[in-house]
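# Architecture at a glance
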Amino acid sequence: MNQTIDRRGVISALIAFTIWGLSPLFFKAMMHFGAFEVVAHRVLWSALLLAPWIWFRQGLGEAARVLREPRLLALLCLTALLATANWLVYVWAVMTGHAVDASLGYFINPLLNVALGAIFLHERLRTAQKVAVALAAIGVVWRIVSLGSLPWVALTLAITFAFYGLLRKRAPIDATNGLFIETLIALPVALVFLGWLASTGALVAAQVSPAWWPMLPLAGLITAVPLALFSEGARRLPLSVLGLLQYASPTLVFLIAVLVFREPFGASQLMSFAFIWAGLALFTWDIRRSRPPV
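Now for a look at the structure at hand. Remember, it's a predicted structure, so these values are computed and weren't measured experimentally.

What follows deals with unusual backbone geometry. Phi is positive for Arg-262, which is not a glycine, with a value near 60 degrees. Within the secondary structure layout, Arg-262 lies in the loop between helix 11 (248–260) and helix 12 (267–290). Its relative accessible area of 66% is what places Arg-262 among the exposed residues.

Let's shift gears to the side chain of Thr-223. Here Thr-223 lies in helix 9 (residues 215–236). Under the relative-accessibility criterion, Thr-223 is labelled buried at 5%. Among residues more than four places away in sequence, those in contact with Thr-223 are Arg-42, Ser-46, Trp-87 and Leu-179.

Now for the packing of helix 4 (residues 70–95) against helix 5 (residues 99–120). In contact at an axis separation of 7 Å, helix 4 and helix 5 are set at 145 degrees when each is read in the N-to-C sense. Residues Asn-86, Tyr-90, Ala-93 and Val-94 of helix 4 pack against Ala-99, Ala-102 and Tyr-106 of helix 5. Grouping the constituent residues of the contact of helix 4 with helix 5 by class yields six nonpolar, one polar and no charged.

By size, the foremost hydrophobic cluster in this structure holds 76 residues, and its most contacted members are Phe-27, Phe-33 and Tyr-90. Ranked by residues supplied to this core, first place goes to helix 4 with 12 residues. Once you skip the residues sitting within four places of it in the chain, Phe-33 turns out to touch Val-38, Val-204, Ala-205, Val-208, Trp-212 and Leu-216. In terms of nonpolar packing, the next biggest core, distinct from the first, is built from five residues, Val-10, Ala-13, Phe-17 and Leu-237 among them.

The subject of this paragraph is the packing of aromatic side chains. Aromatic ring pairs are described here by two measures, namely the spacing of the ring centres and the angle between the planes. By the definition in use, this model includes 21 aromatic pairs. Aromatic side chains Phe-33 and Trp-212 sit 6.1 Å apart centroid to centroid with 65 degrees between the ring planes, which places their arrangement in the edge-to-face category. Residue Phe-33 is found in the loop between helix 1 (7–29) and helix 2 (35–57), and its partner Trp-212 is found in the loop between helix 8 (175–199) and helix 9; the two are separated by 179 residues along the sequence. Centroid distance Trp-142 to Phe-275: 6.5 Å. Interplanar angle 45 degrees. Geometry classified as tilted. With Trp-142 in helix 6 (residues 127–147) and Phe-275 in helix 12, this residue pair connects regions lying 133 residues apart in the sequence. Take Trp-142: its relative accessible area is 39%, and that puts it in the partly exposed class. Residue class for Phe-275 comes out partly exposed when judged on its relative accessible area of 23%. Here the aromatic cluster, defined as three or more aromatic residues joined through ring pairs, consists of Phe-26, Phe-27, Tyr-90, Tyr-106, Phe-161 and Tyr-164. Between Lys-28 and the ring centre of Phe-261, over which it is positioned, the NZ or CZ distance is 4.9 Å.

This brings us to the pattern of salt bridges. Oppositely charged side chains are able to pair whenever their charged atoms sit close together. As enumerated under the stated definition, the model contains five salt bridges in all. Across the pair Asp-101 and Arg-143 runs a salt bridge, and its minimum N-O distance is 3.3 Å. In this pair, Asp-101 sits in helix 5 while Arg-143 sits in helix 6, placing the two residues 42 residues apart along the sequence. For the pair Asp-101 and Arg-143, a shared accessibility class is recorded, and that class is buried. Put simply, Arg-168 and Glu-182 hold a salt bridge, and the shortest N to O gap is 3.2 Å. On the criterion of sequence distance, the pair formed by Arg-168 in helix 7 (residues 152–170) and Glu-182 in helix 8 is long-range, its members being 14 residues apart. In this pair, the class of Arg-168 matches that of Glu-182, namely buried. Among the charged side chains, a network of salt bridges with common partners joins Glu-62, Arg-65 and Glu-69.

Definitions and limits used
- Residues numbered from 1 in each chain as written.
- Predicted model: local features only at pLDDT ≥ 70, side-chain atom pairs only at ≥ 80, totals over all residues.
- Heavy atoms only, no water.
- Helix = DSSP H or I, 4+ residues; strand = E, 2+ residues; numbered from the N terminus.
- Buried < 20%, exposed > 50% of the residue type's maximum accessible area, 1.4 Å probe, protein only.
- Contact = heavy atoms within 4.5 Å.
- Axes fitted to C-alpha atoms, helices over the stretch in contact; angles between N-to-C directions.
- Nonpolar A, V, L, I, M, F, W, Y, C, P; charged D, E, K, R; others polar.
- Core = buried A, V, L, I, M, F, W, Y, C linked by side-chain atoms within 4.5 Å.
- Phe/Tyr/Trp six-rings, centres within 6.5 Å; stacked < 30°, edge-to-face > 60°.
- Lys NZ or Arg CZ within 6 Å of the ring centre and 35° of its normal.
- Salt bridge = Lys/Arg side-chain N within 4 Å of Asp/Glu carboxyl O.

Treat this as a map of the structure, not an account of what it does.
Rendered as structure tokens:
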């Protein structure tokens, strides 16, 4: 019997991935703020938006539990560091004309997840998965050879996000509360940084027209809202379907980079992407083929 796909789950996940995929348009518009200030505002407004939302839906008991579990708190400190580094590199990449490299990083990510699962969780890889990972590795090597250096933006985004997912898989806390705690951990650093900018007269938010001020909470909204929708989709959909839908985000980033931002995309980049896209196609086919009927 064919598996029935939850329509609400598909819509929730697609909206989440679409928001993430369109986010370069927002970050490019905020370019004059600089990546560090935008990420600091992203942390601040994410905390301000998540706190009342979590309190209204389920209370703050789950978040308070983390404070009584030092090992879990330490794990979330590490994931907070990885998430913040990922945000910072991503925003910087978009603002400085490296959105194509950013999309490459998120295309690599699913295949890197498979490799990390085999290395750290001792998950057995099927032949097709091994070939898919190998194709992605060839694509990265091709990019290194053609550039003459490491594609550090793509690799940093892929590695930080993959290890973030690996560590969060080991953390006994749901996605929303986990993000809230990670945001609270990063919040003091963000506030100190914003305070330092203000004290030195370098805070762009204090210098721009008030018409720009409503844009600052949006930095938090495009973090919190997609996460809530993604969590809803993840709860309702099989992982194979969710994994297929997630390609919408880097695809949109790639299209915006090439068609809207007019970033260069030559033959050597196309060859690198072709290997990685081939790996993703094989990976997706293998997931769909191996999914048991319901």
